[in-house]
Amino acid sequence: MHYVSTREGKAAFSAAQAIVRGISEEGGLFVPAFFPHMGLDEIGAMVQKSYQERACVILGKFLTDFSAEQIRKMVEAAYGSGFDAPEVVPVREIDKGRAVAELWHGPTLAFKDMALQLLPHLMTASAAQVGERREIVILAATSGDTGKAALEGFADVKGTQCVVFYPKEGVSQAQRLQMVTQEGKNTHVIAVRGNFDDAQAGVKRIFGDPEARDWMNQQGKVFSSANSINWGRLAPQLVYYFSAYVDQVRQGRIELGDELNFVVPTGNFGNILAAVYARNMGLPIGRLICASNRNRVLADFLKDGVYDARRAFYQTTSPSMDILISSNLERMLFEISGREVAQVNEWMESLRTKGRYEVSGQALDALKALIWGGWAGDQAVSETISQTWKRWGYLTDPHTAVALNVHRQYVEATGDERQAVIMSTASPFKFGKTVLEAIEGGVQAQDDFECCRFLSQKTGWVLPKAIAELPGKPVRHRAECEPGDMMDAVKRAMEE
Ligand SMILES: *Cc1c(COP(=O)(O)O)cnc(C)c1O
């Protein structure tokens, strides 16, 4: 299997090259040259397999420069004791015809772990494959969740260091504690005296600074990123669509070959894109339902084909979907244009210069036939959390509630009542305050931790260890810097 860029289309790259580079030279994203076909017999053979075995089958089709043994070792290291559910991604029926796939049993209690627990292993194996001997230093700016998931993934992975910058005044108390108590000799967490944009701009500056690169090279190190557009983050996400499908077969909810709908809460279009890829490989998927929050740029796009990022940005109760530029959508555009790089370049150029682009004709028809878009605001989300608890005794985080709400709208609008799996992207305890407020109709609690304790007492749902232990954990990272001094902070971190 080789990979091509969405903006060049011809040059062939190996999986290892795509993962080490992250993004192509012209700014395009790496996509597989074709989608390997999985017949029903091959899909059916996964019913009795473990999650790890299923992962080996799917990843083996795409990561052809690695041996089956190498892939097996990476998969076992990623989806082992760090997950608190033996199924890795449990699929539970919450209501007739509706199941949830819980993507949040990893160490940081959110779906980013599905990819970021595997990426470090893919990254080091890929570096070895392409002859890169320097130590890989992952550099990231975070507004909260991704930074912690990257730190957990890279902690103590040989041949890597992980440096995360967060805005000193821009993350929640729980998020800050999660990061500053991070264990692992190769992890570095630094507070930037500024906001998230300052931190992100600083990281971009370092990536583009030749002096910084030289200094790193002299130290035998090289920078890399754990960005969500990296193929090494997308590939692991294909696995759980296959896994959820065969679990629904195993549970007798569908027959092998029946079409299943998936509902995906998304901002960057990463999670749902993996479902599109799984369908292209032959997984019997009916409709994909794309669920947005009030930052509904995707829902609007799926209605009339106009992608317009020039709009107000809202902070919502589902912050991990507060996004106006969906970077992974470019891979979708590549497919619906019939893999026409000239067309993709035109759209992306229009987005860069005008903040908008428009898709029409066949491409729009193809898109709408496959994906239905909807959105839910904070009030609707709160009501959905409350109803889901009252009717079915199921606690749901606000991102998952966006999906549950949009699925209701979808059924009403189309009458399509086929079996559906809702992708659940975070533990309710990760957003304990919002969830408690929704089911109690208001809270009086000191902080996020107290909300989580109340939530656990009230519902009988067990407080996850990762949260229960947090207040007692020793602080290991106290470094701070000015936005203009971030490279010096990296140098100091490398000398620790
Ligand atoms: C990142 C994230 C999402 C959105 O994922 P996309 O990559 O935008 O598809 C949804 N929910 C949670 C909890 C997340 O952390």
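Structure first, text after, so check above.
Please read these numbers as outputs of a predicted model, since none were measured by experiment.

(A) Examining the sheet that holds strand β15 (residues 480-481) more closely. What the 5 strands build is an open sheet, ordered β8-β5-β6-β7-β15; its pairing is parallel. Two strands lie at the open edges of the sheet, namely β8 (221-224) and β15, each paired on one side alone. With 6 bridges connecting them, strand β5 (residues 135-141) and strand β6 (residues 160-167) associate as parallel partners. Bridge pairing links A141 to F165 in β6. Sheet strands in contact with helix α8 (residues 173-180) are β6 and β7 (187-192), and its direction is about 155° off that of β6. Running over the sheet, helix α10 (residues 210-218) touches β5 and β8 and is turned about 135° from β8.

(B) Summary view of the packing of helix α19 (residues 432-440) against helix α20 (residues 448-459). Where α19 contacts α20, the two axes come as close as 8 Å, and the packing angle between them is 45°. Judged by the inter-axis angle, α19 sits oblique to α20. With respect to the hand of their crossing, α19 and α20 are arranged in left-handed fashion. Contacts between α19 and α20 pair G432, K433, V435, L436, I439 and E440 from the former with D448, C451, C452, F454, L455, K458 and T459 from the latter. Its residues assigned to classes, the contact of α19 with α20 comprises 7 nonpolar, 2 polar and 4 charged.

Rules behind the numbers
Residues numbered from 1 in each chain as written. Predicted model: local features only at pLDDT ≥ 70, side-chain atom pairs only at ≥ 80, totals over all residues. Heavy atoms only, no water. Pairing = 2+ DSSP bridges. Helix = DSSP H or I, 4+ residues; strand = E, 2+ residues; numbered from the N terminus. Contact = heavy atoms within 4.5 Å. Axes fitted to C-alpha atoms, helices over the stretch in contact; angles between N-to-C directions. Parallel < 35°, antiparallel > 145°, perpendicular 65-115°, else oblique. Left-handed = near helix turned anticlockwise from the far one by under 90°. Nonpolar A, V, L, I, M, F, W, Y, C, P; charged D, E, K, R; others polar.

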